[in-house]
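Residue-level structural notes
Given next are the chains, with one letter for each unit.
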Amino acid sequence: MALLMAVRPSLPENRLLPLLQIARQDTSPEPDVWLQALGELLRRDLGVGVSFEGVSPLSKRCRGQLRDLCRQLGPGGRKLKLTQSPDPEREDEKEDKDSQRPRERRKAPEGEPASPEGERTPKRFRCLEREEEESHEEERAEHESLETLADRGSTLPIKNQPVLGAEPTETGQRLENTKGPAESLELPKAIQDQVPRLQQLLKTFGEGSEGLEDAPPVELQLLHECSPSQVDQLCAQLQLPQLSDTGLLQLCTWLLSLSPDLSLSNATVLARSLFLGRILSLTSSASRLLTVSLTSFCAKYTHPVCRALLGPVLRAPETGPAQTELLCCLMKDKALEPDRQVLMLGQILELPWKDQTFLVLQSLLERQVEMTPEKFNVLMERLCKEGPAATSSMAYAKLMLTVMTKYQANITETQRLGLATPVSLNTTFLRKSLQAALRHLAS
């Protein structure tokens, strides 16, 4: 599991998810809690099945054992620090500034020998419980941000749209009720100090000025130090949804050049902030700049685009021809590698199907996606199930014709018999073509 975490960026996400699913099915009476914790961290980073509990490698039992050990090693159940000898003057300054504890508490108790070791010990410990509380506050902030990203990323009324990997409503309510001081804090000073510089860069984008750097500015490296909630705050301050298409392309170019890559959670926040609002507000075909920005971002961060854009856009009631055309263009992008195509297919198979979904799925399947027999079986079941409700849909008829011609070698006899019913019910002018394709499958 540690090896998977080390090489995860180079692994196809669609191959890693089934492996994590198998690991979760461990039925041993005493499962390895360390493996479970590493698995949960991987699932959280992939944005699938994110849970509020168990996201720390230290379980409750482990933290309890560590606390007991600390009580044995030092007074007051305090945390053991490094064994390096600190500078007494700097330690005194830090105590006065940070802890604001009375000076008397740093003195050695009466009756104990005054040794250098005894004098240093109280200064080299901190409360373990305080660290745990801060850790949980950070986790709650990250999960709360994923529940509210759609509201901040767009001014359109789509905040109740479900998002892949998001927590159920009950959990979201629980997170909202447990919001603590850490979630209302502003950006860290080191990041906040760089906001004016980033705002100036974005203003330069809007003015179309030349002479911009090819390499990403160092200020963008701060994204690696931000949690998803902090990235969300930063996007709101920088007003990224209002960025011009020219500025969008330049910013995406820089984001894709960052090293190391962005985390999946932060990339999801950025995808939603940069693209969701402007896609849903389209009333005509997307500009070339927007199309290039989206396809290039998707080629590298496919999973975040699935979570933040593909699902929400296809679910949104305001999705029309302009949005569908852009998603079809995304499916046809030659830079979309085979494993990313399978990831897109898996997302679409989980969505409710309608005419827009048929068109986007057809564009993807024309690429002859290399899928497993199990995945293809799910596709055929959904296709046959939708037939009676889509008898007059041209988009559905084109989708069926694509499947029967492009994937005829994959269709089993049972699946061929299942296609007979929707073909016979079809009332579009493609009915004869569908019947001919069905007869060809039987020959």
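Criteria and thresholds
Residues numbered from 1 in each chain as written. Predicted model: local features only at pLDDT ≥ 70, side-chain atom pairs only at ≥ 80, totals over all residues. Heavy atoms only, no water. Helix = DSSP H or I, 4+ residues; strand = E, 2+ residues; numbered from the N terminus. Buried < 20%, exposed > 50% of the residue type's maximum accessible area, 1.4 Å probe, protein only. Contact = heavy atoms within 4.5 Å. Areas by Shrake-Rupley, 256 points an atom, 1.4 Å probe, with all protein chains shown as cover. Patch = residues over 30% accessible without salt bridge, like charges linked within 9 Å, V, L, I, M, F, W, Y side chains within 5 Å. Salt bridge = Lys/Arg side-chain N within 4 Å of Asp/Glu carboxyl O. Expected span 1.5 Å × (residues − 1). Polar contact = N/O pair within 3.5 Å; in protein donor to acceptor, adjacent residues only side chain to side chain. Core = buried A, V, L, I, M, F, W, Y, C linked by side-chain atoms within 4.5 Å. Axes fitted to C-alpha atoms, helices over the stretch in contact; angles between N-to-C directions. Parallel < 35°, antiparallel > 145°, perpendicular 65-115°, else oblique. Nonpolar A, V, L, I, M, F, W, Y, C, P; charged D, E, K, R; others polar. Phe/Tyr/Trp six-rings, centres within 6.5 Å; stacked < 30°, edge-to-face > 60°.

Re the overall build of the protein
- Within the protein, the secondary structure is distributed over 23 helices and 2 strands.
- The 443 residues of the protein split such that 44% are buried.
- Taking as baseline every contact in the protein between residues at least 6 positions apart, the subset at least 24 positions apart corresponds to 77%.
- As displayed, the protein has an accessible area near 23,800 Å², and 52% of this comes from carbon and sulfur atoms.

Some remarks on a nonpolar patch on the surface
- Where nonpolar side chains cluster on the molecular surface, the patch consists of Val 33, Trp 34 and Leu 35 and spans about 300 Å² of accessible area.
- Among the secondary structure elements, Val 33 is positioned in helix α3 (residues 33–46).

Digging into helix α21 (residues 394–406)
- Here α21 is 13 residues long and its end C-alpha atoms lie 18 Å apart, about the 18 Å a rise of 1.5 Å per residue gives.
- Taken as a whole, α21 has its buried residues at Ala 395, Tyr 396, Ala 397, Leu 399, Met 400, Thr 402, Val 403 and Met 404.
- Buried residues in α21 make contact with α19 (355–365), α20 (373–386), α22 (413–425) and α23 (431–442).
- Of the residues that open α21, the one with a side-chain oxygen 3.4 Å from the backbone nitrogen of Ala 395 is Ser 393.

A few points about the pattern of salt bridges
- For the structure on display, the rule yields 7 salt bridges.
- The partner of Arg 416 in a salt bridge is Glu 413, with the nearest N and O atoms 2.6 Å apart. In this pair, Arg 416 and Glu 413 both sit in helix α22, 3 residues apart, roughly one turn of the helix.

Here's the deal with the nonpolar core
- Of all hydrophobic cores here, the largest spans 92 residues; its most connected members are Phe 275 and Leu 365.
- Considering each element in turn, this core owes the most residues, 9 residues, to helix α14 (residues 264–280).
- Every residue in contact with Leu 365, bar those within four places of it in the chain, is listed here: Leu 345, Met 371, Leu 379, Leu 399, Thr 402, Val 403 and Tyr 407.

Details of helix α17 (residues 321–332)
- The end-to-end C-alpha distance of α17, which contains 12 residues, comes to 16 Å, matching closely the 16 Å that a straight helix rising 1.5 Å per residue would cover.
- Restricting attention to buried positions, one finds in α17 the residues Ala 322, Gln 323, Thr 324, Leu 326, Leu 327, Cys 328, Leu 330 and Met 331.

Observations regarding the packing of helix α15 (residues 288–300) against helix α16 (residues 302–315)
- Close contact between α15 and α16 brings their axes to 5 Å; oriented N to C, the two are set at 120 degrees. Accordingly, the angle class assigned to the pair α15 and α16 is oblique. Residues Leu 294, Phe 297, Cys 298, Ala 299 and Lys 300 of α15 form the contact with α16, whose participating residues are Thr 302, Val 305 and Leu 309.
- When the residues that make up the contact of α15 with α16 are grouped by side-chain class, the tally is 6 nonpolar, 1 polar and 1 charged.

Notes on the packing of aromatic side chains
- Following the criterion strictly, the structure yields 5 aromatic pairs and no others.
- Relative to Tyr 301, the ring of Phe 297 lies with its centre 5.2 Å away and its plane at 40 degrees, an arrangement referred to as tilted. Taken as a pair, Phe 297 and Tyr 301 share a single burial class, namely buried.
- Members of the aromatic cluster, each reached through a chain of ring pairs, are Phe 275, Phe 297 and Tyr 301.

Regarding the side chain of Thr 268
- Summarising the element assignment, Thr 268 is placed in helix α14.
- At a separation of 2.7 Å, a polar atom in the side chain of Thr 268 contacts the main-chain carbonyl oxygen of Leu 264.
- Residues contacting Thr 268, with those up to four places away along its chain left out, are Pro 304, Arg 307 and Ala 308.

Thoughts on unusual backbone geometry
- Residues Ser 259 and Pro 260 are joined by a peptide bond in cis, for which omega reads 0 degrees.
- A positive phi is found at Gln 239, a non-glycine position, where the angle reads about 55 degrees.
- Although it is not a glycine, Gln 368 adopts a positive phi angle of roughly 55 degrees.
- Mapping Gln 368 onto the fold places it in the loop between α19 and α20.

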